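# Structure at a glance
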Amino acid sequence: NQHKVLTREWCKQLASRGWKKRKCVKDFEGHPKLIPQDMLNKLNELREKNNENNNNHKMERKKTVKNEEEESGILVYLVSPCSTIFVSMDDDDIQHNVDIARAMRERDLIDTYRQGFDETLAEKKTRLAQQQLEEEESKLSKANQKQTEEAQRNLLLQTLWELKCIGVRFEAVYYQRGQWRNKYMLNFSGKKFGGTKRINDYAAALRSYQKEKFDVKREIEKNMARISVKKASFRSFIDQKCSVEPVAVKPPPKRIVVPGKLTLQYNGKLYVLDIDENNKKKVFKIGRKTNGNDMVLSTSNISRFHCEIDWKGVLKDLKGRTTSFTVNGVKKKMHKIKPGDLINIRGHKVIVSKQPSTVKFEEQPIKYISDTDEVIAKKRALKADYEAKLAALKPIEDALTVRLEMWRKKWEVPPKPGANTDDLCKALGIRNLQWQLADNGKRVIAEAPDDDDEEDDEEGGDDDNKSDNKKE
């Protein structure tokens, strides 16, 4: 009984997961196969035949049907909807078979569902992210487009207000047919366009307005610039050519050649004779003693203070001996040295040479040169002449300044009325619609509202739409 209860429970669980009871037959290998149609027909005929028997033989009829089914090889199996798995209902070990079948089915289903779910989830996330990005880009694009259109509309209304301030009148014409069907278009009229003549070319109206406005200004500014150039030229001429003040002249620097000093070369050393004719006490001493001599000859045949070279460049023995030194092989008591001399002081050979001369430049003081009285008189006359020319330019410049001020007052645009577009459109005499430029900036049009039911008062537009038009 406990086994039957467990079997019923397993069957209920499998049925809740989609398993169904199907009658099958075994093939030649022992695998279950679904019953073919002829078998089902035979089974149905057998059931109908048994149903005709007496109800009292109910148990016997069931037993007969079961026996016939067993004899025909028909068995009842649980069949999985997602995989080809059969579990026999007549097997005593049904619980084990159901566990295996359920584990296999659930593993397959979990893998399949997990893979499909992951792919679907990834696709969904990608799609949602893409949709969100597209929505944000669309919102941003719409906001930018709306902002641009609003800025263009405000600029257009500002230009229309400037046109109105110079006497241009506007008239909105409604078109029912043609190219501008169901749209309003602005027409322009005024003294600038021949009085009662109306035109719908916004670009031509704007050009006429700008030509009249800016041509005068350009002419005035051009004349003022020409006068400024003349004034600058006159002032420059007066400052440079008519000045009577002494002219400061800076002479070029003086070139001074500094001769090189005599040098004595002895034992690989070079001694510079720093003697000066202006300093007679400055001498160059030669001897054996270390202190007090500029060149030390450390041999016993040299006196402590042997000889010296005075400020004139004369080499002489301090004791008046003639055997003290030789110059170029000649014994001398005194000799004025010069470059190229070879001096032999008791075996010590000294060569005389000279450093190269150097050149330096000395700045000279600035000199002031004054003109003669005749030149000064000419310059003063010329200066008076040019100052008179400058004074003659002053009235012309004042007149141009007055003209420019009058031009500013004439073309000065008063501030826009109101703080919104409704007040501005009301001041312009047009409806507050979404006015915009069309036809390469030649037309000013606006979409007609849906509830616009005005009567047909005027014909307008092209040849093919001259009828059925309305004027606002």
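Residues numbered from 1 in each chain as written. Predicted model: local features only at pLDDT ≥ 70, side-chain atom pairs only at ≥ 80, totals over all residues. Heavy atoms only, no water.

### A short note on the overall build of the chain
Put simply, the rule reads: A run of DSSP states H or I qualifies as a helix once it reaches four residues; a run of E qualifies as a strand once it reaches two. Both are numbered from the N-terminal end. Each residue's exposure class comes from its accessible area (1.4 Å probe, protein chains only) as a fraction of the maximum for that residue type: buried when under 20%, exposed when over 50%, partly exposed otherwise. Residue contacts follow a heavy-atom distance rule, with two residues in contact if any of their heavy atoms lie within 4.5 Å. All accessible areas in this document rest on Shrake-Rupley with a 1.4 Å probe, and a residue is counted as covered only by the protein chains that are shown.
Looking only at helices and strands, one finds seven helices and 25 strands in the chain. Within the chain, the proportion of its 472 residues that are buried is 27%. Across the chain, every contact between residues at least 6 apart in sequence was considered, and the portion connecting residues at least 24 apart equals 54%. Roughly 32300 Å² of accessible area belongs to the chain as shown, and the carbon and sulfur atoms make up 50% of that amount.

### Describing unusual backbone geometry
Although it is not a glycine, aspartate 439 sits at a positive phi angle of roughly 55 degrees. Given a relative accessible area of 35%, aspartate 439 falls into the partly exposed group. For asparagine 440, which is not glycine, the phi torsion reads 60 degrees and is therefore positive. Overall, asparagine 440 belongs to the exposed group, its relative accessible area being 77%.

### Some thoughts on the sheet that holds strand β13 (residues 295–296)
As a reminder, the rule being used: Here, any two strands with at least 2 DSSP bridges between them count as paired.
Strand order in this open sheet of five strands is β13-β12-β14-β15-β18, and the pairing throughout is mixed. Of all the strands in the sheet, the pair left with one neighbour each is β13 and β18 (334–336). In this structure, strand β12 (residues 284–287) lies alongside β13, joined through two bridges in parallel fashion. The partner of glycine 287 across the bridge, within β13, is valine 296.

### A closer look at the packing of helix α5 (residues 202–241) against helix α6 (residues 373–411)
Here is the rule we go by: Axes here mean lines fitted to C-alpha atoms, for a helix over just the part in contact, with angles spanning 0 to 180 degrees between N-to-C directions. Small angles under 35 degrees read as roughly parallel and large ones over 145 as roughly antiparallel, with 65 to 115 read as roughly perpendicular and the rest as oblique. Helix crossings get a hand from a simple test, with the near helix turned counterclockwise from the far one by less than a right angle marking a left-handed crossing and a clockwise turn marking a right-handed one. Gly is put with the polar residues, along with every residue not named as nonpolar or charged; the nonpolar set is Ala, Val, Leu, Ile, Met, Phe, Trp, Tyr, Cys and Pro, and the charged set is Asp, Glu, Lys and Arg.
Interaxial distance between α5 and α6 falls to 9 Å at its minimum, and their mutual angle equals 160 degrees. What the angle tells us is that α5 and α6 run roughly antiparallel. The interaxial crossing formed by α5 with α6 has left-handed handedness. Each residue belonging to the contact of α5 with α6 can be placed in one class, and the counts come to 17 nonpolar, two polar and 15 charged.

### Let's talk about the pairing of strand β6 (residues 183–190)
Among the eight residues that make up β6, eight are buried, leaving the element largely enclosed by the rest of the structure. Every second residue of β6 is oriented toward a common face, with Lys183, Met185, Asn187 and Ser189 on one face and Tyr184, Leu186, Phe188 and Gly190 on the other, all of them buried. Alignment of strand β5 (residues 169–175) against β6, held across seven bridges, turns out to be antiparallel. Bridging from a neighbouring strand, valine 173 pairs with methionine 185 of β6. As paired strands, β6 and strand β24 (residues 443–447) are joined by three bridges and run antiparallel to one another. When the sheet's bridge partners are listed, lysine 183 is paired in β24 with glutamate 447.

### Some remarks on α6
What counts here: For a helix, the expected span equals 1.5 Å multiplied by the residue count minus one.
Helix length check: α6, at 39 residues, gives a terminal C-alpha distance of 57 Å against a target of 57 Å (1.5 Å per residue), a fit within 8%. Here α6 has its buried residues at Ile376, Lys379, Tyr386, Leu390, Leu393, Leu400, Leu404, Trp407 and Trp411. Next to the buried residues of α6 lie α5.

### Some thoughts on the nonpolar core
Within soluble globular proteins, side chains that are nonpolar tend to cluster in buried spots. Put simply, the test is: Residues enter a nonpolar core if they are buried and are Ala, Val, Leu, Ile, Met, Phe, Trp, Tyr or Cys, with the set joined through side-chain atoms within 4.5 Å.
Core analysis: the biggest nonpolar cluster contains 30 residues, and Leu160, Phe170, Leu186, Phe188 and Trp435 have the highest contact counts within it. If sequence neighbours within four positions are ignored, phenylalanine 170 has contacts with Leu160, Leu163, Lys164, Leu186, Asn187, Phe188, Leu428 and Ile430. If you look at the next biggest cluster of nonpolar residues, it comprises 20 residues, including Met295, Ile309, Phe325 and Val350.

### Comments concerning the packing of aromatic side chains
Let me state the cut-off plainly: Centres within 6.5 Å make a pair out of two Phe, Tyr or Trp rings, where for Trp the six-membered ring is used; the pair is then stacked when the planes are under 30 degrees apart, edge-to-face when over 60, and tilted otherwise.
By the definition in use, this model includes six aromatic pairs. Ring plane angle 80 degrees and centroid distance 5.7 Å describe the contact between phenylalanine 170 and phenylalanine 188, whose orientation is recorded as edge-to-face. Of this pair, phenylalanine 170 sits in strand β5 while phenylalanine 188 sits in strand β6; the two residues are 18 residues apart in sequence, bridging distant segments of the chain. The exposure classification of phenylalanine 170 matches that of phenylalanine 188, with both residues buried. When the ring of tyrosine 174 is compared with that of tyrosine 184, the centres are 5.1 Å apart and the planes differ by 55 degrees; the resulting orientation is tilted.

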